[in-house]
Amino acid sequence: MSPRVRRPRGAAESLGAVVLGFESIVVFLGGLVVFGLKEVPPGIEPWWAVVAGSVLAVLMILTAGLLRHRWAIVLGWVLQIILALGGLLLPALVVVALIFGGMWAYATIKGAALDRRNAALHGPSNGE
């Protein structure tokens, strides 16, 4: 049986997956913080913060696995905005959103530039 050949991953896909993977851990822990501080709107049970943090974390992990598709990059940006909106409940989440949003921007923008550069260097125009 021959070994399975892995699909080559670009820089944007690799960097984005790392950012979303680590961010998912922080988002889950942020949900626990919101739960512990009971920083939810009146009439809403605090355990919903854990549910929201868990769902957002799982969405980030799933998105990290789908970054080979262009729409997954856009979904990553949507997830960054959703995290920033969490700052309405707990202002410290805005800081988290700014830090990870900056890393996401770097991963997607610089990663795409590296992918274009690598494609130009190793493309079919080299006479291969």
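Structure: above.
Attention here is on the structure that accompanies the text. What you are looking at is a predicted structure, and each value in this text was computed from that prediction instead of being measured.

1. Describing unusual backbone geometry
Most peptide bonds are trans, and most residues other than glycine sit at a negative phi.
Then step 1. Even without being a glycine, Lys38 presents a positive backbone phi close to 55 degrees.
Then step 2. For Lys38, the location among the structural elements is in the loop between helix H1 (11–37) and helix H2 (47–65).
Then step 3. On the accessibility criterion, Lys38 (55% relative accessible area) is exposed.

2. Re a nonpolar patch on the surface
Then step 1. A surface patch of nonpolar side chains, about 800 Å² in accessible area, is lined by Phe35, Ile44, Trp47, Trp48, Val51, Val55, Val58, Leu59 and Leu62.
Then step 2. By residue number, the principal contributor to the nonpolar patch is H2, which donates seven residues.
Then step 3. As for its position among the elements, Val55 is in helix H2.

3. Things to note about the side chain of Thr108
Then step 1. Inspection of the secondary structure puts Thr108 in helix H4 (residues 92–122).
Then step 2. Classification of Thr108 as buried rests on a relative accessible area of 8%.
Then step 3. Within the structure, Thr108 has its side chain in polar contact with the backbone oxygen of Ala105 (distance 3.2 Å).
Then step 4. Beyond its immediate chain neighbours, meaning those up to four positions away, Thr108 contacts Ala12, Ile73 and Trp77.

4. A few points about the pattern of salt bridges
Any two side chains of opposite charge can pair, given that their charged atoms come close.
Then step 1. Scanning all chains against the criterion turns up one salt bridge.
Then step 2. We note a salt bridge from Glu13 to Arg9, for which the minimum N-O separation is 3.7 Å.
Then step 3. Of the residues examined, Glu13 reaches a relative accessible area of 10% and is grouped as buried.

What counts, and at which threshold
- Residues numbered from 1 in each chain as written.
- Predicted model: local features only at pLDDT ≥ 70, side-chain atom pairs only at ≥ 80, totals over all residues.
- Heavy atoms only, no water.
- Helix = DSSP H or I, 4+ residues; strand = E, 2+ residues; numbered from the N terminus.
- Buried < 20%, exposed > 50% of the residue type's maximum accessible area, 1.4 Å probe, protein only.
- Patch = residues over 30% accessible without salt bridge, like charges linked within 9 Å, V, L, I, M, F, W, Y side chains within 5 Å.
- Areas by Shrake-Rupley, 256 points an atom, 1.4 Å probe, with all protein chains shown as cover.
- Salt bridge = Lys/Arg side-chain N within 4 Å of Asp/Glu carboxyl O.
- Polar contact = N/O pair within 3.5 Å; in protein donor to acceptor, adjacent residues only side chain to side chain.
- Contact = heavy atoms within 4.5 Å.

The analysis is restricted to geometry; functional conclusions fall outside its scope.
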